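# Fold and geometry: a report
What follows is each chain in one-letter form.
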Amino acid sequence: MRFTDTPATRLSFEDRGSGPALLLVHGHPFDHTMWQPQIDRFSLTHRVIAPDLRGYGTTPLGATPGITGLGDFAEDLVGLLDHLEIEECVLAGLSMGGQIAMELVRRHPERVRGLVLADTFPAAETEEGKAARNAMADRLLDEGMRGYADEVLDRMVAPYNAHAAPHVHRMMCATDPVAAAAALRGRAERPDYRATLAALAVPALVVVGRDDTYTPVADAEEMHALLPHSTLTVIERAAHLPNLERPEEFDAALDAFLRSLVRPS
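Keep in mind the model is a prediction, meaning the values are calculated, not measured.

### Concerning the side chain of Gln99
Inspection of the secondary structure puts Gln99 in helix H3 (residues 96-107). Looking at Gln99, its side chain comes within polar contact range of the main-chain oxygen of Phe121, at 3.1 Å. Engagement of the side chain of Gln99 in a polar contact is seen with the side chain of Arg187, the distance being 3.0 Å. Excluding its chain neighbours within four sequence positions, the residues that come into contact with Gln99 are Leu70, Thr120, Phe121, Arg187, Arg190 and Tyr193.

And the structure:
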């Protein structure tokens, strides 16, 4: 792991391979190792950057006062690109990572060569959803991560993909509950990204697990319809983390997308 200082924290990240930059943004409540199959596969052809977001993995929460907005995460990532002298990248995010990617595109569209949105959705939070996220934040502060991790594991990873479950459970249990709560409160206040997607000028790939109940196929179809230049891939026999549950199928879709972005020499 390497490190770079931001105004709020010391961001840790993995930087492997060479070639066009591929920035992988993990979801909640995970860390950069959520992308391990993709780091191993695509670092053979790309420069793969996989950070631990603020408060996750080995990156401290830092000075965030009880709430981490998606904009905070996005600016950390732009600072990382600046530190690495990367002008533009293919940006890939899953779940919360996808919403961070949408926020980054909204703020800094010139930094994104292509966009990959996996198991995520662009709409702003409803009032009911805001209440639920803030209630969950309170619960994590009171109880820690283990009960939550036990409760949601079968929705994160489908029971028939048990090979991926131990890694996912470990990541969830290892997450700092204070950081997880701050991120939940930030997500509750996110804007609506549908106009951002509709105006996106670069190619996009939308990926979703067929059996994802957090962000069902209908959400992916809505994003695909909004994006002017997009491809939709539904990963069969996968839930919320198809990149870990069905890495070969996920990687095939991502590889085809990355190949489509190669500029003629």
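Read on for the rest.
### Points about the packing of aromatic side chains
Given two aromatic rings, one states the distance between the centres and the angle between the planes to describe the pair. In the structure shown here, the tally under the stated rule is 2 aromatic pairs. Geometrically, the ring pair formed by Trp35 and Phe250 is tilted, given 6.2 Å between the ring centres and 50° between the ring planes. Note that Trp35 is positioned in the loop between strand S3 (21-25) and helix H1 (36-42) and Phe250 in helix H11 (residues 247-260), a separation of 215 residues in sequence. Of the two residues, Trp35 and Phe250, both sit in the buried class. Measuring from centroid to centroid gives 6.4 Å for Tyr56 and Phe73, while their planes differ by 50°, and the two rings are tilted.

### Here's the deal with the sheet that holds strand S5 (residues 89-94)
Overall, mixed pairing links the 8 strands, which are arranged S1-S2-S4-S3-S5-S6-S7-S8 in an open sheet. With partners counted over all chains shown, the strands left at the sheet margins are strand S1 (2-5) and strand S8 (230-235), one partner each. Sheet twist, expressed as the mean angle between neighbouring strand axes with direction ignored, is 20°. Bridge count between S1 and strand S2 (residues 10-16): 4 bridges; the pairing is antiparallel. Note that in S2 the partner of Arg2 across the bridge is Phe13. Contacts from H3 reach S3, S5 and strand S6 (112-118) within the one sheet, and its direction differs from that of S5 by about 140°.

Cut-offs and rules
- Residues numbered from 1 in each chain as written.
- Predicted model: local features only at pLDDT ≥ 70, side-chain atom pairs only at ≥ 80, totals over all residues.
- Heavy atoms only, no water.
- Helix = DSSP H or I, 4+ residues; strand = E, 2+ residues; numbered from the N terminus.
- Polar contact = N/O pair within 3.5 Å; in protein donor to acceptor, adjacent residues only side chain to side chain.
- Contact = heavy atoms within 4.5 Å.
- Phe/Tyr/Trp six-rings, centres within 6.5 Å; stacked < 30°, edge-to-face > 60°.
- Buried < 20%, exposed > 50% of the residue type's maximum accessible area, 1.4 Å probe, protein only.
- Pairing = 2+ DSSP bridges.
- Axes fitted to C-alpha atoms, helices over the stretch in contact; angles between N-to-C directions.

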